[in-house]
There are 2 protein chains.
Amino acid sequence: MAKVTLQSIADQVGVSRMTVSNAFSRPDQLSAELRARILAAAAELGYVGPDPAARALARGRTGAVGLLLNGPLSEAFADEVAAAFVASVSDELTARGLALTVLTPPRDESFFPARDVGMDAAIVYTCEPDSAGVDWLARRAIPMVAVDQDLGEAVPRVLVDDRVGARAAAEHLAALGHTRVAVLTLARPGTPVRTDEPDVLSTSHPARERMAGWREGLGEREPVVGYVALGTEGDPYAAALELLRTADVTAVLCFSDVFAYAVVRAAEELGRSVPGDLSVVGFDDNPLAATVRPALTTVRQDVRAKGRIAVERLTDVLAGRPAEPVVLPTELVVRESTGPAPA
Amino acid sequence: MAKVTLQSIADQVGVSRMTVSNAFSRPDQLSAELRARILAAAAELGYVGPDPAARALARGRTGAVGLLLNGPLSEAFADEVAAAFVASVSDELTARGLALTVLTPPRDESFFPARDVGMDAAIVYTCEPDSAGVDWLARRAIPMVAVDQDLGEAVPRVLVDDRVGARAAAEHLAALGHTRVAVLTLARPGTPVRTDEPDVLSTSHPARERMAGWREGLGEREPVVGYVALGTEGDPYAAALELLRTADVTAVLCFSDVFAYAVVRAAEELGRSVPGDLSVVGFDDNPLAATVRPALTTVRQDVRAKGRIAVERLTDVLAGRPAEPVVLPTELVVRESTGPAPA
DNA sequence: CCTGAGTTCTATACCGGTACAGTACGTTCG
DNA sequence: CGAACGTACTGTACCGGTATAGAACTCAGG
């Protein structure tokens with residue numbers, strides 16, 4: 001059977017192709033009676049509806065929004081917080097009649113999603129400003145919204161107040177009398193597990209901001225005894241063991257709740273009780289944080305709101321409205337993993 | 001600035017438009033020297049590369065594959081097993097130079113991803129054969145692969161041997177002397193929480209097959225004392241409490257590890273010890289199953305393999321190769337949540 | 001010197017729609 | 001009763017590429 005197009009239906013019914021197009025895409029442009037006849041003819045011929053590719057070319061819109069990630073999706077999902085963000089973005093896009101296309105770094109440059117996939121706009125999640133993906137999107141002039149990252153003034157951003165949250169966590173420890181505090185945070189990929197060099201820190205916005213907040217909150221005390229910087233491929237538990245064995249501290253500030261829980265388990269392994277001998281603070285308020293024992297003191301952020309607001313900003317941009325930068329609040333949640341510094 | 005197209009570069013360099021197209025898409029079709037000149041001119045004019053929408057129309061391929069889900073993405077992610085499957089699919093597609101577009105049921109028919117988004121093929125995950133999404137894909141003649149569902153002979157399927165796994169779980173309980181066994185499984189949406197009517201069961205392939213396997217494995221004994229059928233919106237913990245309060249059983253077979261853990265907590269709440277007073281078996285071997293106490297006896301399936309094989313089948317279909325149906329094995333994993341039936 | 005087989009580039013013909021500016025024909029209103 | 005307007009439909013001009021067949025030229029082999 002030959003391909004069924006708008007034209008074949010137009011011929012069948014005896015109207016112009018444009019009228020058939022309108023029957024599907026702009027019902028108010030023709031009489032109900034004629035539209036019914038056209039739809040009937042279409043059904044009879046087995047016409048499904050306008051071809052998305054042709055429509056995308058003619059309209060200049062695809063109906064899809066890209067979500068640019070800095071690693072494979074399985075990596076994002078290893079972190080429950082990132083997974084919740086992705087889910088939130090998808091839900092919000094659905095509610096607005098947009099589809100989600102996942103843009104991951106390619107294995108092979110021959111097909112580069114950020115360069116080769118049609119989309120109306122993109123949400124950039126935690127990607128370095130100089131990454132290839134961001135570069136392609138920018139060169140294609142695809143409207144972007146940056147989440148958990150600063151891509152410059154031109155790109156609207158949705159951030160979390162990591163610094164204030166981290167400062168609150170550090171002040172909490174300080175108020176409990178802790179003076180020897182370590183940090184377990186993210187490092188640039190490839191960095192050795194343990195280091196005291198501040199410049200191996202991950203350049204991600206949250207990593208920088210949280211570190212800055214911790215330093216502020218620890219105030220005049222020797223701010224950080226040492227820290228373990230962990231690449232994405234690192235094993236948090238091994239890093240935590242290493243940290244506790246080599247650093248003489250009474251508390252640890254962690255980049256995430258997953259890291260914090262690793263510290264808790266490492267402390268148990270080494271026979272140190274939490275929070276009796278060691279206080280541990282996480283970040284994000286992962287569902288995990290409330291479930292494990294001892295429940296983790298952490299800094300809460302509202303991940304679903306982050307996704308929702310990112311999509312709102314995106315639709316603002318698509319509609320030509322100005323999109324103000326947003327900074328979402330954080331909140332210290334004190335649970336069982338922190339206590340007074342041991343004497 | 002006027003839009004930069006292939007034609008503008010062709011004019012600038014003084015070659016045909018086709019040659020410029022080849023410079024980007026088929027480098028072996030022209031001399032290296034000319035290609036370099038074209039690329040230089042393109043860079044100078046700020047040409048990014050062929051427009052994906054136009055290319056999709058001309059080539060008849062988009063480079064994107066749809067993943068059809070039967071609910072919002074956040075719902076899929078509530079289940080760690082489904083999330084792992086999605087991640088696996090994405091990783092495998094990336095490895096093959098394809099992008100992933102998420103196809104969820106629309107809030108509003110005006111934009112229906114399964115109907116309106118361009119894609120080369122689709123993976124259908126746990127969707128009812130008569131759902132609107134499947135119907136649109138079928139009418140568009142989009143190549144499909146069905147996962148955890150049977151869409152008829154024409155659609156290649158990737159299944160898990162749920163029945164054999166469930167039977168093994170039931171036989172395990174039988175061997176331990178259990179004769180009064182309940183089931184906690186999925187129901188059709190909207191079904192009341194507790195029922196003994198078999199036909200409220202979810203029509204999903206896994207739900208049917210697991211139930212069949214459980215019945216087989218319990219053999220000649222009164223097969224199932226009763227079961228709680230749980231819609232997707234139901235609260236497993238509440239259902240588990242209800243079940244244990246009303247059914248006089250020594251063991252519960254569950255549709256998932258999440259359900260099983262809910263039963264464990266409900267048993268604790270009611271003062272019954274697991275596995276002393278009550279044995280519980282889950283399904284899937286969710287990471288959770290090994291972490292919680294008591295660790296859950298469960299039926300393992302390899303979710304990453306399921307994603308990988310689904311994508312393999314999909315590429316087979318795209319290449320015109322026949323795609324044989326696949327049934328992946330399951331394996332009973334005995335941990336701490338099952339023990340001899342109490343006297 | 002002629003033939004056949006590469007290269008390298010071009011001409012033509014689509015791919016399947018939508019936007020926009022009409023045209024033709026009632027209706028309404030001053 | 002004529003101007004102004006709304007409704008219903010059409011004609012034309014794109015949207016920005018790619019496939020395919022062929023033309024022009026080079027080169028090796030007989």
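Bear in mind that the values here come from a model prediction, so they are computed numbers and not experimental data.

1. Digging into the protein's contact with DNA strand D
Then comes step 1: Near DNA strand D there are 28 residues, and of these Thr-19 and Ser-31 of chain A together with Arg-17, Met-18 and Ser-21 of chain B occur at the shortest range.
Then comes step 2: Sugar plus phosphate: this is where 60% of the atoms of DNA strand D within 4 Å of the protein reside.
Then comes step 3: In this structure, Ser-25 of chain B approaches DNA strand D through a side-chain N or O atom, which is 2.9 Å from a phosphate oxygen.
Then comes step 4: A distance of 3.0 Å is found between a phosphate oxygen of DNA strand D and a side-chain nitrogen or oxygen belonging to Arg-26 of chain B.
Then comes step 5: Broken down by secondary-structure element, the contributors of at least two residues to the surface near DNA strand D are α2 (17–25) and α4 (52–59) of chain A together with α2 (17–25) and α4 (52–59) of chain B.

2. Thoughts on the protein's contact with DNA strand C
Then comes step 1: Close to DNA strand C lie 27 residues, the nearest being Arg-17, Ser-21 and Ser-25 of chain A together with Thr-19 and Ser-31 of chain B.
Then comes step 2: One nitrogen or oxygen atom from the side chain of Arg-26 of chain A is found 3.0 Å from a phosphate oxygen belonging to DNA strand C.
Then comes step 3: Between DNA strand C and Arg-55 of chain A, the relevant distance is 3.3 Å, taken from a phosphate oxygen to a side-chain nitrogen or oxygen of the residue.
Then comes step 4: The set of elements that each furnish at least two residues to the surface near DNA strand C consists of α2 and α4 of chain A together with α2 and α4 of chain B.
Then comes step 5: Ranked by residue count, the leading element in the surface near DNA strand C is α4 of chain A, at five residues.
Then comes step 6: Across the surface near DNA strand C, the residue classes tally to 13 nonpolar, seven polar and seven charged.

3. Concerning the relation of the copies chain B and chain A
Superposition of the two copies of the chain requires a rotation about an axis together with a shift along that axis.
Then comes step 1: Superposition of chain B onto chain A requires a rotation of 180 degrees combined with a translation of 0.0 Å along the rotation axis, giving an RMSD of 0.1 Å. Here the copies are linked by what is in effect a two-fold axis. Closest approach to the rotation axis among the C-alpha atoms of chain B is made by Thr-101 of chain B, whose C-alpha sits 2.1 Å away.
Then comes step 2: Taken together, the interface assignments show that 100% of the residues at the interface of chain B recur at the interface of chain A, consistent with an identical surface on both copies.

4. Considerations on empty space enclosed by the protein
Then comes step 1: Enumeration according to the criterion identifies two cavities of 30 Å³ or more in this entry.
Then comes step 2: Roughly 40 Å³ of volume is contained in the largest cavity.
Then comes step 3: For the largest cavity, the full set of lining residues is Ser-90, Leu-93, Thr-94, Leu-98, Ala-99 and Leu-100 of chain A together with Val-102, Thr-104 and Pro-113 of chain B.
Then comes step 4: Classifying every residue of the lining of the largest cavity gives six nonpolar, three polar and no charged.
Then comes step 5: Each pocket or cavity is described by its volume, and for the second largest cavity that value is around 30 Å³.
Then comes step 6: The wall of the second largest cavity is formed by Leu-73, Phe-77, Val-86, Leu-100 and Val-102 of chain A together with Leu-73, Phe-77, Val-86 and Val-102 of chain B.
Then comes step 7: Going through the elements one at a time, α5 (73–78) and β2 (99–103) of chain A together with α5 (73–78) of chain B are the ones with two or more residues in the lining of the second largest cavity.
Then comes step 8: Residue composition of the lining of the second largest cavity, by class: nine nonpolar, no polar and no charged.

5. Some words on the pairing of strand β4 (residues 144–147) of chain A
Residues and elements named next belong to chain A.
Then comes step 1: The side-chain alternation of β4 yields two buried faces, one formed by Met-144 and Ala-146 and the other by Val-145 and Val-147.
Then comes step 2: Of the pairings in the sheet, the one linking strand β3 (residues 121–125) to β4 comprises four bridges and is parallel in character. The partner of Tyr-125 across the bridge, within β4, is Val-147.
Then comes step 3: Between β3 and its parallel partner β4, the chain crosses via helix α8 (residues 132–139), and the hand of that crossover is right-handed.
Then comes step 4: When β4 meets strand β5 (residues 157–160), the two strands line up parallel, connected through two bridges. From the neighbouring strand, Ala-146 faces β5, where its bridge partner is Arg-157.

6. As for unusual backbone geometry
Then comes step 1: In this model, Val-274 of chain A is joined to Pro-275 of chain A through a cis peptide bond whose omega is 5 degrees.
Then comes step 2: Structurally, Pro-275 of chain A is set in the loop between α12 (257–269) and β10 (279–281).
Then comes step 3: The peptide bond linking Arg-293 of chain A to Pro-294 of chain A adopts the cis configuration, its omega dihedral lying at -5 degrees.
Then comes step 4: As for its position among the elements, Pro-294 of chain A is in the loop between α13 (287–291) and β11 (298–300).
Then comes step 5: The backbone of Asp-284 of chain A sits at a positive phi, close to 105 degrees, despite the residue not being glycine.
Then comes step 6: Summarising the element assignment, Asp-284 of chain A is placed in the loop between β10 and α13.
Then comes step 7: Here Asp-284 of chain A falls in the buried class, since its relative accessible area comes to 7%.
Then comes step 8: Phi angles above zero are rare outside glycine, and Asp-285 of chain B is one such case at about 60 degrees.
Then comes step 9: Summarising the element assignment, Asp-285 of chain B is placed in the loop between β10 (279–281) and α13 (287–291).

7. Some words on the sheet that holds β3 of chain A
Strand pairing in a sheet relies on backbone hydrogen bonds. The paired strands run either parallel or antiparallel.
Then comes step 1: Strand order across the open sheet formed by twelve strands is β12(A)-β5(A)-β4(A)-β3(A)-β1(A)-β2(A)-β2(B)-β1(B)-β3(B)-β4(B)-β5(B)-β12(B), with mixed pairing between neighbours. Single-partner strands in this sheet number two, and they are β12 (326–328) of chain A together with β12 (326–328) of chain B. Going from strand to strand, the sheet's axes swing by 20 degrees on average, the running direction of each strand aside.
Then comes step 2: Where β2 of chain A lies against strand β2 (residues 99–103) of chain B, three bridges are found, and the strand directions are antiparallel. Bridge pairing in β2 of chain B links Leu-100 of chain A to Val-102 of chain B.

8. Structural notes on the domain arrangement of chain A
Residue and element names in this part refer to chain A.
Then comes step 1: Entries for chain A in the domain assignment read domain 1 (6–50), domain 2 (64–160 + 303–329) and domain 3 (162–301).
Then comes step 2: Placing a centre on the C-alpha atoms of domain 2 and another on those of domain 3 gives a separation of 28 Å.
Then comes step 3: Taken together, the contacts link 13 residues of domain 2 with ten residues of domain 3.
Then comes step 4: For the pair domain 2 and domain 3, the summed buried area comes to about 1100 Å², and 46% of that belongs to carbon and sulfur atoms.

9. A few points about the packing of helix α6 (residues 80–95) of chain A against helix α14 (residues 303–318) of chain A
All names here are of chain A.
Then comes step 1: Contact pair α6 / α14: the axes reach a minimum separation of 8 Å and the direction vectors enclose 40 degrees. Viewed along their axes, α6 and α14 adopt a mutual orientation that is oblique. Our pair here, α6 against α14, has a crossing hand that is right-handed. In this structure, α6 contributes Val-81, Ala-84, Phe-85, Ser-88, Val-89, Asp-91, Glu-92 and Leu-93 to the contact, and α14 contributes Val-303, Arg-304, Lys-306, Gly-307, Arg-308 and Val-311.
Then comes step 2: Across the contact of α6 with α14, the residue classes tally to seven nonpolar, two polar and five charged.

What counts as what
Residues numbered from 1 in each chain as written. Chains lettered and ligands numbered in written order. Predicted model: local features only at pLDDT ≥ 70, side-chain atom pairs only at ≥ 80, totals over all residues. Heavy atoms only, no water. Near = heavy atom within 4 Å. Polar contact = N/O pair within 3.5 Å; in protein donor to acceptor, adjacent residues only side chain to side chain. Helix = DSSP H or I, 4+ residues; strand = E, 2+ residues; numbered from the N terminus. Nonpolar A, V, L, I, M, F, W, Y, C, P; charged D, E, K, R; others polar. Least-squares fit on C-alpha atoms with pLDDT ≥ 70 in both. Contact = heavy atoms within 4.5 Å. 1 Å grid on protein atoms, 1.4 Å probe; cavity = no way out; pocket = protein on both sides within 12 Å on 5 of 7 lines; lining within 4 Å. Points joined across faces, edges and corners; volume = space filled by probe spheres on them. Buried < 20%, exposed > 50% of the residue type's maximum accessible area, 1.4 Å probe, protein only. Pairing = 2+ DSSP bridges. Right-handed = clockwise from strand over helix to strand, strands pointing away. Axes fitted to C-alpha atoms, helices over the stretch in contact; angles between N-to-C directions. Domains from an automatic or database assignment. Buried area = accessible area lost by both parts, 1.4 Å probe. Parallel < 35°, antiparallel > 145°, perpendicular 65-115°, else oblique. Left-handed = near helix turned anticlockwise from the far one by under 90°.

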